[in-house]
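If you want the building blocks of each chain, they are given just below.
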Amino acid sequence: MSNLNAVLGSFFHTPAYGGFELLERALIELDGRGFIERVTLLSDEGYDVRVIAAREAGAREPGTFMELGSDECGLPGFVDLHVHAPQWPQAGVALDEPLDVWLDQRTFPLEARFADPAFAHAVGLDLARTLLSRGTTTCLYFGSAHLEGSFELARACTEAGQRAVVGKVVMDDPEANHDFYRDASPASALADTEEFLGRVEHLDADCRRTVERFPGVFAAVTPRFIPSCTDEALAGLGQIVAAHDAYVQSHCNEGEWEHGVAVARYGKTDAEALADFGLLRPKAVMAHCTFMSESDTALFAQTGTTVAHCPISNAYFADSACPVRRMHEAGVKIGLATDISGGFSPSLYENIRMAVMASRMLESGVDALVPCSSRGAGRPSRISVAEALYLATKGGAEALELPVGSFEVGRAFDVQILDTRHPYADLTGFGIFDAPADRLARILYLATPDSIRKVFVQGRCVIDRDAL
């Protein structure tokens, strides 16, 4: 299929937190780079004229115009803010084991295999394509501690056509990491990080010259988390971030153990320690953040740091629920993430659902033996499914400062096209409860991977199930 210039159909999106819009039978026109140039609604003057012109242009250049059927609709491409790419072969495996067993016996030996660039490329390519098929058009990836393997992950994302931010993981403390899987020294960790930033920048530039509508690949400074890094490495990474205005990603306050390490080591919280090293800032994304104090939350809002909310993974390993509503009300930026493979599913649909459920459980509490009046969070905590969709789309876009996540003029046309009446995946509900909010809720709660028929990144088709 050729690159799109115009699409006619119905689209749901969340341009602002707290609600949604349905663009019913809207005409979305793109510029030559795949960015939205104009959105014409049914009620707009000149609608019919523009639709006729778009159809005629599409007839002259087949593949440049697409008209969605009455049972089809578009959602923005998802933005996944936390994925451990080397863990993809582990997804769904051993999640009933304690975290230390899961890491030491499964995860770290698996991640060590990214020393083989060919293996890293194969895993990365399969994962990027799988995520695209689930509607994720932009992803923030942890690579491994290997320079070459992490670069092959970045290269695989360019091959798949997915917009990606990729980090070479730093884990240099010999007292905290296995000898078979760690950086050789703080100096080598910092040198590899610098080299990785430069190589990915050149990869991005090369692809932009040779690939039409290339969506971009970027590098992120990536300390695994405070317990795995020396102070020398953390301080050096903070300096690299400042010098390059780079993305930065890590884990923060994921569980009580991690939180306790920072307190014992520095006499301050995980968030405070990361801030002291210059690692909390705009374009910084911290995963989990379930043990955040009120002052930690204020620090995130002050520094412009984003929380990557990983609701499925939190249920397995965080021993707590992320207070999304409280953080949002405090001015913290929040996006959604799968956290493969602590989260078993590559689908942000499943994490949208879990985000809503986790927020309700946080508000109401879960231990029936504790009196109802005291077992919940003690304050309103619930979020709506539309709010969760915002986290999965525009929330992630804000975190990465990328013009994606909604169907607004000036944003890249990243879209997943769903068939709501696909065989064995009918989402129409017999025409009952057919208000726009109900239609959107059914899609978000009931869509399957097979419901997603096509995916476009910046107006370029990267998934077409109907062509298989």
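As a reminder, the structure under discussion sits directly above these lines.
The paragraphs below set out a description of the structure included in this document. (Residues numbered from 1 in each chain as written. Predicted model: local features only at pLDDT ≥ 70, side-chain atom pairs only at ≥ 80, totals over all residues. Heavy atoms only, no water.)

Here we come to the pairing of strand β18 (residues 460–464). Pairing geometry for strand β17 (residues 452–457) and β18, over four bridges, is antiparallel. Residue pairing across strands places Val457 opposite Arg460, the latter belonging to β18. Linking two consecutive strands that pair antiparallel, namely β17 and β18, is a turn of two residues; a positive phi of about 55° is found at Gln458 within it. (Pairing = 2+ DSSP bridges. Helix = DSSP H or I, 4+ residues; strand = E, 2+ residues; numbered from the N terminus.)

With that settled, the discussion passes to helix α14 (residues 385–400). If you check α14, its first and last C-alpha atoms are 22 Å apart, about what 16 residues at 1.5 Å a residue would give, namely 22 Å. A bend of about 45° at Leu391 is the largest found in α14. Where burial is concerned, most of α14 is hidden: 15 out of the 16 residues are buried. Immediately beyond the C-terminal end of α14, within one or two residues, lies Glu401, with a positive phi of roughly 55°. (Expected span 1.5 Å × (residues − 1). Bend = angle between axes of the 7 residues up to and from the residue. Buried < 20%, exposed > 50% of the residue type's maximum accessible area, 1.4 Å probe, protein only.)

This next bit is on the nonpolar core. The biggest cluster of nonpolar side chains holds 92 residues, and the ones touching the most others in it are Tyr141, Phe300 and Ile352. At eight residues, helix α3 (residues 117–133) tops the list of elements feeding residues into this core. Setting aside residues no more than four positions away along its own chain, Ile352 makes contact with Phe78, Leu336, Val385, Ala388, Leu389, Ala392 and Leu444. Membership of the second largest hydrophobic core comes to 18 residues, among which are Val79, Leu81, Ala220 and Val404. (Core = buried A, V, L, I, M, F, W, Y, C linked by side-chain atoms within 4.5 Å. Contact = heavy atoms within 4.5 Å.)

This paragraph deals with unusual backbone geometry. The phi torsion of most residues other than glycine is negative, and most of the peptide bonds are trans. Cis geometry is found at the peptide bond from Ile340 to Ser341, where omega equals 5°. Mapped onto the secondary structure, Ser341 falls in the loop between β13 (333–336) and α12 (348–364). Phi is positive for Arg213, which is not a glycine, with a value near 60°. Examined against the element boundaries, Arg213 turns out to sit in the loop between α5 (186–210) and β9 (217–223). By relative accessible area, Arg213 is classed as buried at 7%.

In this section: helix α2 (residues 99–112). Residue Arg106 marks the point of greatest curvature in α2, where the axis turns by about 30°; the proline Pro109 follows within four residues. Within the sequence span of α2, burial applies to Trp102, Leu103, Thr107, Phe108, Leu110, Glu111 and Ala112. If you follow the buried residues of α2, they end up packed against β6 (78–84), α3 and α10 (311–318).

A volume near 670 Å³ is recorded for the largest pocket. Taken together, 31 residues make up the lining of the largest pocket; nearest its centre are Leu99, Leu103, Phe108, Phe225 and Trp257. When contributions to the lining of the largest pocket are tallied by element, the ones reaching two or more residues are α2, α7 (256–266) and α10. Ranked by the residues each element gives to the lining of the largest pocket, the list is headed by α2, at six residues. (1 Å grid on protein atoms, 1.4 Å probe; cavity = no way out; pocket = protein on both sides within 12 Å on 5 of 7 lines; lining within 4 Å. Points joined across faces, edges and corners; volume = space filled by probe spheres on them.)

A few words on the packing of aromatic side chains. How two aromatic rings sit relative to each other is set out by the distance from centre to centre and by the angle between their planes. Within this structure, the stated rule accounts for 13 aromatic pairs. By the ring-pair criterion, three or more aromatic residues cluster together here, those being Trp102, Tyr316, Phe317 and Phe344. Over the ring of Phe119 we find Arg113, and its NZ or CZ is 4.2 Å from the ring centre. The aromatic ring of Tyr247 is capped on one face by Lys283, whose charged end is 4.8 Å from the ring centroid. (Phe/Tyr/Trp six-rings, centres within 6.5 Å; stacked < 30°, edge-to-face > 60°. Lys NZ or Arg CZ within 6 Å of the ring centre and 35° of its normal.)

With that settled, the discussion passes to the pattern of salt bridges. Taken as a whole, this structure holds 33 salt bridges when the rule is applied. Between Glu29 and Arg50 there is a salt bridge, with its nearest N and O atoms 2.9 Å apart. Taken together, the residues Glu29 in strand β2 (residues 21–30) and Arg50 in helix α1 (residues 47–60) connect sequence positions 21 residues apart. Classification of Arg50 by relative accessible area gives partly exposed; the value is 28%. For the salt bridge of Glu294 with Arg379, the shortest nitrogen-to-oxygen distance reads 3.0 Å. Highlighted residues: Glu294 in helix α9 (residues 294–303) and Arg379 in the loop between α13 (372–375) and α14, separated in sequence by 85 residues. (Salt bridge = Lys/Arg side-chain N within 4 Å of Asp/Glu carboxyl O.)

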